[in-house]
Structure formats: structure tokens, C-alpha cells
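# What the coordinates show
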Amino acid sequence: MVVSRRRLLISDFLMSFMWVWSSVLIKMFVHTILGYGAHDLKGEILKHAISVINMFFFASLVKATKGGAYNPLTVLSGAISGDLTNFLFTISARVPAQVFGSITGVRLIITAFPNIGRGPRLSIDIHRGALTEGCLTFAIVIISLGLSRKSHASTIMKTWISSLSKLTLHILGSDLTGGCMNPASVMGWAYARGDHITKEHIHVYWLAPIQATLLAVWTFNLLVSPPKDKEEKKREKKSE
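Residues numbered from 1 in each chain as written. Predicted model: local features only at pLDDT ≥ 70, side-chain atom pairs only at ≥ 80, totals over all residues. Heavy atoms only, no water.

## Structural notes on the overall build of the chain
Short version of the rule: Put simply, DSSP marks the helices as runs of H or I at least four residues long and the strands as runs of E at least two long, and each gets a number from the N terminus on. The reference for a compact globule is 2.2 Å times residues^0.38; the radius of gyration itself is calculated from the C-alpha atoms. Burial status follows relative accessibility: with a 1.4 Å probe on protein chains alone, a residue under 20% of its type maximum counts as buried, one over 50% as exposed, and anything between as partly exposed. Contact definition: two residues touch when any of their heavy atoms are within 4.5 Å. When charges are counted, Lys and Arg contribute as positive and Asp and Glu as negative, whereas His and the chain ends are disregarded. By convention, the charge on Lys lies at NZ, on Arg at CZ, on Asp at CG and on Glu at CD.
For the chain, the count of helices and strands is nine helices and zero strands. Tracing the chain from N to C terminus, the helices and strands come up as α-α-α-α-α-α-α-α-α. Here the C-alpha radius of gyration of the chain, 19 Å, is about what a compact globule of 240 residues would show, namely 18 Å. Each principal axis of the C-alpha atoms in the chain carries an extent, and together these give about 70 × 40 × 40 Å. Out of the 240 residues belonging to the chain, those deemed buried represent 40%. Contacts in the chain between residues at least 24 apart in sequence constitute 77% of all its contacts with a sequence separation of at least 6. Across the chain, the centroid of the 26 positively charged side chains sits 7 Å from that of the 14 negatively charged ones.

So, in C-alpha cells, the structure goes:
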């Protein structure tokens, strides 16, 4: 168990590191190498298409690492319904590993490409920003939980639906908060800018998504009966 947890932490660190790099490399490939403008329609379509492929790649990494993740909300939604030991391990070890991986990745990005930018920023007031990130997070967590329950669907189909959902929600919130739905990734850029302990960052990119995740898990469990409960009900009906 100790070895598997150690490998899980290493996987979380490396995947978080790779995730912040992948978003930058995609933008550089489309805008710098291919020469598309920031608001060029063909460039945006190409960038989004590569982003979907990138999500498929990271989905394969999750499977290869047997549960590695690059988003604290992903592991948090699973830990909420688990036992206390797993929850404490997630909060005290996995989330910090993801944050540290993102910070390390961003620091190397800025060192290698000083003019690359400074990541997502809040362009609206703090209350609307928190509401935006909260709603986006609630939606993607509900979708992810729903896909995890559909055992008859193929892995490719689940990844396809999840990727398109994330991309759509990201586009909807990109001009307001960045549409990140990933506190660790935003933390990496905020730490580089020196505003990671501001009220705006903590409320919009940490508290709101975490609260939305808790609400989404509670809502989903309330509306959708666990598979085990359904099987038990079927058995009871048969016995009657």
C-alpha cells in the first residue's frame, strides 16, 4: 500500500507538471509555429481539436498510472465518497503533490519562455467569478460522475464525452475566469505572479470549485441510487 501511494503521488506530480506544459505547447504550436492569430477562427478550431486529443492522451495516462490525476477536484470528488483514510491522504498528500507539480512546471515554462504570458486571470468581480467557476465545476463533476456510473459505455466514448464537455465549459468561462476548473493549474500561474494568496484567487479558484464539487457529489448521490442499492432492490423483489 505504501509503494502504491508513493507511485500515485509521483504520478500526480508528473501529470500536473505535464498538464501545464501541454496547454502552453499547444498555444505555441498553433500561434507561433503555424502563425495563426489570437482570434483566427481556423486557429481556434485547430487549437480546440488538439486540446481534445491532448485530453485523450491524459486519459490514457490516468489508466496507465492506475489512478494518477492532475486536477485536485477529480481526486476530491472520489475521496468524498470513500473512507476517512483515503480522504485524509487525498487532502494532505495528493492535492499538494498536484499543486507542487503545477508550480514546478510553470516556473520552468517562464524560465524557458519569458514572454509566454502569466496564465488565467479574473476579468470580472470576485462574486461573479466565484459563481462562474462554481457552476462550471458543478457541471463537469456531475458529468464525470454520470460517466463513471455508465458501465456499458466504452472507455473511448466516455473520454470523448468528457473531453468535449470540458472543452465546452472551458470556452464558456475562458473570457471571465479562464474556465480552468483546476485549482492546481491556476495555482501554478498565480504563484509565479505572486498573487496566490489574494482573496480573489482563494475564493474564485479554490473555495468556489471545492464547494461546487461537494455540492455536485451530494446532489448526484441524492438523485442517483448507487449500483449496489439497485441490485439489492432487485434481489428483494425477486425474493418477494
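## Some points on unusual backbone geometry
The general pattern is negative phi for most residues beyond glycine and trans for most peptide bonds. The backbone of K66 shows a phi angle near 60°, a positive value even though the residue is not glycine. Relative to the helices and strands, K66 resides in the loop between α2 (41-64) and α3 (72-80). Take K66: its relative accessible area is 76%, and that puts it in the exposed class.

## Overview of the pattern of salt bridges
Our working definition: Whenever Lys or Arg places a side-chain nitrogen within 4 Å of a carboxyl oxygen from Asp or Glu, that contact is recorded as a salt bridge.
Here the structure, examined in full by the defined rule, presents four salt bridges. Where D12 meets R94, a salt bridge forms, and the shortest distance between an N and an O atom there is 2.6 Å. With D12 in helix α1 (residues 2-33) and R94 in helix α4 (residues 84-112), the pair connects residues that are 82 residues apart, well separated along the chain. Like R94, D12 is buried.

## A look at the confidence of the model for the chain
To be explicit about the condition: Scored between 0 and 100, pLDDT is the confidence that the predictor attaches to each residue.
In this model, the chain carries a mean pLDDT of 87, and residues with pLDDT of at least 70 account for 91%. Taken as a whole, residues 236-240 scores under 50 in pLDDT and shows zero contacts with residues more than four places along the chain or in a different chain.

## Things to note about the packing of aromatic side chains
For clarity, the threshold we go by: Aromatic contacts are taken between Phe, Tyr and Trp rings whose centres are within 6.5 Å, Trp giving its six-membered ring; a plane angle under 30 degrees counts as stacked, one over 60 as edge-to-face, and the others as tilted.
The full count for this structure, using the stated rule, is seven aromatic pairs. Ring centres of F57 and F58 lie 5.5 Å apart, and the angle between their planes is 80°; this geometry places the pair in the edge-to-face category. Using a relative accessible area of 1% as the deciding quantity, one classes F58 as buried. Three or more aromatic residues link up through ring pairs in this structure, and these residues are W19, F57, F58 and Y70.

## Brief notes about the packing of α3 against α4
To keep things clear, this is the line we draw: Under this scheme, a helix contributes an axis fitted over its contacting stretch, all axes are lines through C-alpha atoms, and angles between N-to-C directions fall in the 0 to 180 degree range. Angles are sorted into four bins: roughly parallel if under 35 degrees, roughly antiparallel if over 145, roughly perpendicular if 65 to 115, and oblique for all others.
α4 packs onto α3 with a crossing angle of 175° between their chain directions and a minimal axis gap of 10 Å. Taken together, α3 and α4 sit at an angle that is classed as roughly antiparallel. Two secondary-structure elements touch here, α3 through P72, V75, L76, A79 and I80 and α4 through N86, F87, T90, I91, R94, V95 and Q98.

## Looking at the environment of K158
Stated formally: By the criterion applied in these results, polar contacts are pairs of N or O atoms within 3.5 Å in which, for protein atoms, one can donate a hydrogen and the other can accept it, and in which residues neighboring in sequence qualify only through two side-chain atoms.
Relative to the assigned elements, K158 resides in helix α6 (residues 155-173). Each C-alpha atom, one on K158 and one on G82, is 22 Å from the other, the two residues being 76 residues apart in sequence. Within the structure, the side chain of K158 is placed 3.4 Å from the backbone oxygen of L147, a separation counted as a polar contact.

## With respect to α4
Inclusion rule: Each helix should span, by expectation, one fewer than its residue count multiplied by 1.5 Å. Two axes are fitted around each residue, one to the seven residues ending there and one to the seven starting there, and the angle between them is reported as the bend at that residue.
Taking 1.5 Å of rise per residue, the 29 residues of α4 would be expected to cover 42 Å, and the 41 Å separating its terminal C-alpha atoms lies within 8% of that figure. At T90, α4 shows its largest kink, close to 40°.

## Some points on the state of the cysteines
Heads up, the condition is: Any two cysteine sulfur atoms lying within 2.5 Å of each other are counted as a disulfide.
Using the criterion set out here, one finds zero disulfides in the structure. Free cysteine C135: the closest other cysteine sulfur is in C180, separated by 16 Å. Judged by its relative accessible area of 46%, C135 falls in the partly exposed class. Residue C180 is classed as partly exposed on the basis of its relative accessible area of 23%.

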